[in-house]
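Notes for the structure review
What follows is the residue order along each chain.
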Number of protein chains: 2
Amino acid sequence: MLSEGRKKNRVTLLDVARHASVSRATASLVIRKSPLVSTETRAKVEAVMQELGYVYNMGAARLRADRSLTIGVVIPNLVNPFFTELLAGIDRVIDAAGMVVILVNSGDLVARQETLLTRMREHGVDGIILCPAAETEMSLVEKMVEWDLPLVQVLRRVTDDCDYAGVDYAFGMRQAVDHLAELGHRDIAFALHGPVHSAYQERVDGFRDAMQARGLDPENVIRVPHQIAAIAEAAGLFTEGSRRSSAVVCFNDVVALGLSAGLYDLGISIGRDFSLVGFDDVADAEAMRPRLTSVATFPEAIGEGAAKLLLDRLAQPDLAPRKLVKAPQLHIRQSSAIWRGSSLGRQQESG
Amino acid sequence: MLSEGRKKNRVTLLDVARHASVSRATASLVIRKSPLVSTETRAKVEAVMQELGYVYNMGAARLRADRSLTIGVVIPNLVNPFFTELLAGIDRVIDAAGMVVILVNSGDLVARQETLLTRMREHGVDGIILCPAAETEMSLVEKMVEWDLPLVQVLRRVTDDCDYAGVDYAFGMRQAVDHLAELGHRDIAFALHGPVHSAYQERVDGFRDAMQARGLDPENVIRVPHQIAAIAEAAGLFTEGSRRSSAVVCFNDVVALGLSAGLYDLGISIGRDFSLVGFDDVADAEAMRPRLTSVATFPEAIGEGAAKLLLDRLAQPDLAPRKLVKAPQLHIRQSSAIWRGSSLGRQQESG
DNA sequence: CTGAAAGCGCTTACAG
DNA sequence: CTGAAAGCGCTTACAG
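From a predicted model like this one, the values you see are computed outputs, not experimental measurements. (Residues numbered from 1 in each chain as written. Chains lettered and ligands numbered in written order. Predicted model: local features only at pLDDT ≥ 70, side-chain atom pairs only at ≥ 80, totals over all residues. Heavy atoms only, no water.)

In terms of helices and strands, chain A carries 16 helices and twelve strands. Its C-alpha atoms give chain A a radius of gyration of 26 Å, clearly above 20 Å, the size a compact globule of 351 residues would have. With the principal axes as the frame, chain A shows a C-alpha extent of 95 × 40 × 40 Å. Counting across all 351 residues of chain A, residues that qualify as buried make up 56%. Pairs at least 24 residues apart make up 70% of the contacts formed inside chain A by residues separated by at least 6 positions. Total accessible area on chain A stands at roughly 14800 Å², and carbon and sulfur atoms take up 51% of it. Separation of charge centres in chain A, based on 39 positive and 44 negative side chains, amounts to 6 Å. (Helix = DSSP H or I, 4+ residues; strand = E, 2+ residues; numbered from the N terminus. Rg over C-alpha atoms; globule rule 2.2 N^0.38 Å. Buried < 20%, exposed > 50% of the residue type's maximum accessible area, 1.4 Å probe, protein only. Contact = heavy atoms within 4.5 Å. Areas by Shrake-Rupley, 256 points an atom, 1.4 Å probe, with all protein chains shown as cover. Lys, Arg positive; Asp, Glu negative; His and termini not counted. Charge placed at Lys NZ, Arg CZ, Asp CG, Glu CD.)

A:L155, A:L259, B:L155 and B:L259 are the most contacted members of the largest nonpolar core, which totals 152 residues. Discounting residues that sit within four places of it in the chain, B:L259 has contacts with B:A191, B:I231, B:A235, B:F238, B:V248, B:C250 and B:L276. In this structure, A:V100, A:L130, A:L151 and A:V158 belong to the second largest nonpolar core, which totals 35 residues. (Core = buried A, V, L, I, M, F, W, Y, C linked by side-chain atoms within 4.5 Å.)

Taken domain by domain, chain A comprises domain 1 (2-56), domain 2 (70-167 + 299-326) and domain 3 (169-298 + 332-350). The straight-line distance from the C-alpha centre of domain 1 of chain A to that of domain 3 of chain A is 62 Å. (Domains from an automatic or database assignment.)

Before going further, it helps to examine unusual backbone geometry. Leaving glycine aside, a negative phi is the common case for residues, and trans is the common case for peptide bonds. Geometrically, the link from A:R289 to A:P290 is a cis peptide bond, its omega value of -10° lying close to zero. By the secondary structure assignment, A:P290 is in the loop between helix 14 (284-287) and strand 10 (293-296). Phi is positive for A:S21, which is not a glycine, with a value near 55°. Considering the arrangement of structural elements, one finds A:S21 in the loop between helix 2 (13-19) and helix 3 (24-31). Positive phi is not limited to glycine here, since B:D148 has a value of about 65°. Inspection of the secondary structure assignment puts B:D148 in the loop between helix 8 (138-146) and strand 4 (151-154).

Turning our attention to the sheet that holds strand 8 (residues 247-250) of chain A. Residues and elements named next belong to chain A. Taken in spatial order, the six strands of this open sheet run 7-6-8-9-10-12, and their pairing is mixed. Edge positions in the sheet fall to strand 7 (221-223) and strand 12 (329-331), since each has one partner strand and no second. Taken over all neighbouring pairs, the strand axes of this sheet differ in orientation by 25° on average, direction set aside. (Pairing = 2+ DSSP bridges. Axes fitted to C-alpha atoms, helices over the stretch in contact; angles between N-to-C directions.)

With that settled, the discussion passes to the protein's contact with DNA strand C. Around DNA strand C, a shell composed of 27 residues is seen, among which A:L13, A:S28, A:Y54, B:S23 and B:R64 lie nearest. The protein-proximal atoms of DNA strand C, defined as those within 4 Å of the protein, are 66% sugar or phosphate. At a separation of 3.0 Å, a base oxygen of DNA strand C approaches a polar side-chain atom of A:R64. Residue B:L36 places a main-chain N or O atom 3.3 Å away from a sugar or linking oxygen belonging to DNA strand C. Counting residues per element, the ones that place at least two in the surface near DNA strand C are helix 3 and helix 5 (58-65) of chain A together with helix 3 (24-31) and helix 5 (58-65) of chain B. The element best represented in the surface near DNA strand C is helix 5 of chain A, accounting for four residues. (Near = heavy atom within 4 Å. Polar contact = N/O pair within 3.5 Å; in protein donor to acceptor, adjacent residues only side chain to side chain.)

Contact with chain A, which involves 60 residues of that partner, is made by 60 residues of chain B. In total, chain A and chain B occlude about 5300 Å² of area from one another, counting both sides; carbon and sulfur atoms represent 58% of this. At the junction of chain A and chain B, the tally comes to ten salt bridges. Among the ionic pairs, A:D95 bridges to B:R112, the shortest N-O distance being 2.8 Å. Where chain A meets chain B, there are twelve residue pairs in polar contact (both at pLDDT 80 or more). Its residues assigned to classes, the side of chain A that touches chain B shows 31 nonpolar, ten polar and 19 charged. Pairing analysis gives three bridges linking strand 2 (residues 100-105) of chain A to strand 2 (residues 100-105) of chain B, with the strands arranged antiparallel. From the neighbouring strand, A:V101 faces strand 2 of chain B, where its bridge partner is B:L103. (Buried area = accessible area lost by both parts, 1.4 Å probe. Salt bridge = Lys/Arg side-chain N within 4 Å of Asp/Glu carboxyl O. Nonpolar A, V, L, I, M, F, W, Y, C, P; charged D, E, K, R; others polar.)

All right, on to the protein's contact with DNA strand D then. Around DNA strand D, the surrounding shell holds 27 residues, and the nearest of these are A:S23, A:R64, B:L13, B:S28 and B:Y54. Looking at DNA strand D alone, sugar and phosphate atoms form 65% of those within 4 Å of the protein. A:R64 is positioned such that a nitrogen or oxygen atom in its side chain is 2.6 Å from a base nitrogen of DNA strand D. At 2.8 Å, a side-chain N or O of B:Y56 approaches a phosphate oxygen of DNA strand D. Breaking the surface near DNA strand D down by element, the ones donating at least two residues are helix 3 and helix 5 of chain A together with helix 3 and helix 5 of chain B. It is helix 5 of chain B that contributes the most residues to the surface near DNA strand D, four residues altogether.

Written as structure tokens, this is what we have:
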């Protein structure tokens, strides 16, 4: 058995202490960089640790000290580049704090999410960063508070009684709509997809409010499929039939990418005949042709913010719940252009 | 202090045992689903665990049993969608085994990688899936073997003395080159970027061998920048000057996406004037217009394979090192087309 | 099938 | 600044 092999030649703190002719307590203090130890003693102990190949056993330490230097991150989807960037931000901060991330994927399923949260709790994580699966109940978060498990919600929220790091979606939508309206567009649609959660709702509401404020139709909201190829096939929803639009605000850049492909297939020139505004501004936006105008939401910064909220809470458990709501920023590129007399929507009239 | 709070009302196995009027050992057997316990006893203990809100303490169990149900995954880069899909595959298998993934990002830096591996070791991971940073020395892996830390290399390898799950890059390159050659192309370039490692080398060698086998110039290999916008700006390298190509095989789909944008900017029609073949076939390939011909490498399946290799090794530490080398598969779409008399490269002659 | 006991490797008061 | 001792919550033989 390997584990036996590993166990056999494991050198413990007691071995180190003996070789260095100090007590185990002293050796422990050296590891934890306590100032109580003299410089010579410290040097001697550290030399012995080197020599013996001592490996600190977090498992033993955590049992005694009741902290694991481990945090759990639960996200609903690994494949969306948006979440990847979020994760990179979380990882940077957690890593810098000498801690380590246990990552799990809920697949946006509440039942799975529950299982995974239990698992993380059993693993003794010090805290959790959770992007709640769609349909997550408030009671879940309350339960975790009851568990005394420090938690921060990220991107989506189910309660205000708990830290949250996210995006001011309403402000982002307003920028997108205002931008298109100022270019002269009036038939502006919102293309959405995916499961319903707070970020979904905030985007829809933000779009509607922004349209209303401009005196435009707030109900021009259309759901598209989830898979990118299927989104492309759905592009006609915006350009055909009685309800034609000259511009679309997209739920995220994935939708924008799909619609962009679909409009191309329909022979419609984006940035001339039709305007498209993405949301999130992931790396692909810059690589698309024409380049995609998109509302940047800075997922990496949000990840960092969420991790910092959690570290703060670990240090000060009694802090009141805090919110970190980042203002998004419209990046104007080529996919949005001046309205040119509805070359599309009213083709028949003008043609 | 929160940790005190948590500690105070923690219910332990002993509490459960007392309430259920059994010994602690019996309660432990119930948890581990031992068949030694009678059905009634099991039911009683489980009811009490429910009632008391007992949480299994992995930390304590791992200390005694010397296994943590935790594995470490070290990847060089989170942001490339290729790695994300790999990770999704790993996660699926590890999760199904009731284990949990500790994820770290080496940033392709050997020094950081070393720090992170030490950290994982201190955390007591049962094994590690490593995509070695560029320039990783064989001695690193040897050291880990010495540590008795089960390891599988994924995508890149630095030694044959250790499990490996990866791609038959040479076969993939052959398919790409053969495809273009059969379309009539003779001036085929290879566009590469990124740090040098085994997968890089295998792709280059594979391209050269495939070209040679076709009697084509194996030295038409050109390095492009790393950032996608900069790749776009470098597209002229393939279409201008004395060494013009009519087709490019790309190191990966990121390069293909960048070149695609750059060729668009140059007014060159991909799939008509110029052929492009990507590598990896990530989701974007299907979303590009024209759709990208690409060599699929199935990162998710490779992730699953790597995780299975690791689980096997945990079960049987003395297994000989194994290799899982997946055959890639060319997906022909629209970006590659019949050579039409070098409308580009020999424009001056023919025009 | 169950109970009493030892021990995994550390940290933490408590004396000195 | 250091040493001896208790204990974190579990698992594992070992008797019964």
